[in-house]
Amino acid sequence: MPERRREQDGAIAGTGMGGAMDLAASEATTLEGAPGGPGGAKDTGKPRSLWSDAWRDLRRNPVFLVSALVILFLFFISLWPSAIAPGSPLSCDLAKAQDGPGPGAPFGYDGQGCNVYTRTVYGARTSVTVGVCATLGVALLGSVLGALAGFFGGAWDAVLSRGTDIFFAIPVVLGGLVLLSVVTSNTVWPVIGFMVLLGWPQVSRIARGSVITVQQNDYVQAARALGASHSRILLRHIAPNAVAPVIVVATIALGTYIALEATLSYLGVGLKPPSVSWGIDISAASPYVRNAPHALLWPAGALAVTVLAFIMLGDAVRDALDPKLR
């Protein structure tokens, strides 16, 4: 027994550090092959990314599920309002003015004898159209300008920063009263253009800061060292990793733009009759709210639920995309 022990000790001593390294390598291989290890049966072999982790978290978030269902329903009635609302929103009967709920009119009638239920359903189309188009325009313009400023810096960054300060100094509602009061068009496009004009600076600052942070990473520096062009670095390496904050801000801002359109229409400078809008209906029902409160409560309630759904969706997306909250 003593001689065998001395032989084992000599074998181990002869291996030196290599023996310890071989033992560590064998243990690592065993752990990788274990069912719970990195290379075990539970490992799918697919790399996990920020987007896959975010989608997994969103599917488990009840706030996201509820808000997403509400938003999907809004998109459905925006595309096919006649599927659940009978008649035309412009068909009115003065003999039924301010009447309460009845057959075919579960929400009653407004001061002009129009079906409040039908007008509330058709009003979703205007709100969703304005909110989605304004958000896309703001996100696209702000992201491009902010990304260029953060990537190149210098004089371009200084000019953009001072320009955003000027736009931030303009009150949104006052700017809408001044700019839209001279517009004679009765479509949604002047309202959308106004929102894009005053909304891009916020997204631009978010995109600029995100690009400045991402371009300090090692993989961006490696791409520069390998001679990659500016466009390739910006589009392939920086943009996919800097877009998450922009998506969060844009999702929350969508509900804000819907509320802003209703506010401008209520003040008489946004959409105007015969257009159908929740802001127009709220403005028309305000003078006789005591006699026919239903004409005011239903469009106002639909507006509140819509804005709340988009804000809740934005909060859920922010929580899922923020690594600090994991």
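A quick note: this is a predicted structure, and the numbers were derived from the prediction, not measured.

A. How the structure looks around the overall build of the protein. When helices and strands are tallied, the protein shows 13 helices and zero strands. The order of α-helices and β-strands along the protein, N terminus first, is α-α-α-α-α-α-α-α-α-α-α-α-α. Counting only residues that meet the buried cut, the protein has 40% of its 326 residues in that class. For the protein, the exposed area adds up to about 18200 Å²; of that, 67% sits on carbon and sulfur atoms.

B. Expanded view of the pattern of salt bridges. Within the structure shown, the criterion is met by eight salt bridges. Between Asp-165 and Arg-205 there is a salt bridge, with its nearest N and O atoms 2.2 Å apart. Here Arg-205 lies in helix α8 (residues 189-214) and Asp-165 lies in helix α6 (residues 154-168), a separation of 40 residues in the sequence. Accessibility expressed as a relative area gives 31% for Asp-165, which makes it partly exposed. For Arg-205, a relative accessible area of 42% puts it in the partly exposed group. When salt bridges with common partners are traced through the structure, they connect Asp-53, Arg-56 and Asp-57 into a single cluster.

C. Highlighting the side chain of Ser-277. Inspection of the secondary structure puts Ser-277 in the loop between α11 (244-267) and α12 (278-285). One polar contact links Ser-277 to Glu-261, side chain to side chain, over a distance of 2.8 Å. The residues touching Ser-277, leaving out its near neighbours within four places in the chain, are Thr-126, Glu-261, Ser-265 and Leu-271.

D. Layout of the packing of aromatic side chains. One pass over the structure, following the stated rule, counts six aromatic pairs. Between the aromatic rings of Phe-107 and Tyr-117, the centroid separation amounts to 5.1 Å while the plane-to-plane angle is 80°, which identifies the pairing as edge-to-face. Of this pair, Phe-107 sits in the loop between α4 (62-79) and α5 (116-152) while Tyr-117 sits in helix α5, and the two are 10 residues apart along the sequence. Relative to Phe-152, the ring of Phe-151 has its centre 4.9 Å away and its plane inclined at 90°; by these criteria the two rings are edge-to-face. In this structure Phe-152 comes out as partly exposed when scored by relative accessible area, which is 49%.

E. Spotlight on the environment of Ile-206. Structurally, Ile-206 can be placed in helix α8. Ignoring anything within four residues of it in the chain, the contact list for Ile-206 reads Pro-245, Val-246 and Val-249.

F. Focus on empty space enclosed by the protein. Counted under the stated rule, the structure contains two cavities of 30 Å³ or more. Of the voids in this model, the largest cavity is the one considered here, and its volume is about 70 Å³. Together, Asp-110, Val-116, Arg-119, Thr-120, Asp-281, Ala-284, Ala-285, Ala-295 and Pro-299 line the largest cavity. Among the secondary structure elements, those contributing two or more residues to the lining of the largest cavity are α5, α12 and α13 (294-321). Each residue belonging to the lining of the largest cavity can be placed in one class, and the counts come to five nonpolar, one polar and three charged. By volume, the second largest cavity amounts to about 30 Å³. Lining the second largest cavity are Leu-180, Val-183, Ser-185, Thr-187, Pro-190, Val-191, Val-269, Gly-270 and Lys-272.

G. Structural context of unusual backbone geometry. That bond from Pro-273 to Pro-274 is cis: its omega, 10°, falls within 30 degrees of zero. Note on placement: Pro-274 falls in the loop between α11 and α12. The phi dihedral of Gln-98 falls on the positive side, at around 65°, and the residue is not glycine. Mapped onto the secondary structure, Gln-98 falls in the loop between α4 and α5. Taking the relative accessible area as the measure of exposure, Gln-98 reaches 30% and is therefore partly exposed.

Conventions and cut-offs
Residues numbered from 1 in each chain as written. Predicted model: local features only at pLDDT ≥ 70, side-chain atom pairs only at ≥ 80, totals over all residues. Heavy atoms only, no water. Helix = DSSP H or I, 4+ residues; strand = E, 2+ residues; numbered from the N terminus. Buried < 20%, exposed > 50% of the residue type's maximum accessible area, 1.4 Å probe, protein only. Areas by Shrake-Rupley, 256 points an atom, 1.4 Å probe, with all protein chains shown as cover. Salt bridge = Lys/Arg side-chain N within 4 Å of Asp/Glu carboxyl O. Polar contact = N/O pair within 3.5 Å; in protein donor to acceptor, adjacent residues only side chain to side chain. Contact = heavy atoms within 4.5 Å. Phe/Tyr/Trp six-rings, centres within 6.5 Å; stacked < 30°, edge-to-face > 60°. 1 Å grid on protein atoms, 1.4 Å probe; cavity = no way out; pocket = protein on both sides within 12 Å on 5 of 7 lines; lining within 4 Å. Points joined across faces, edges and corners; volume = space filled by probe spheres on them. Nonpolar A, V, L, I, M, F, W, Y, C, P; charged D, E, K, R; others polar.

By themselves, these observations are geometric and do not establish any function.
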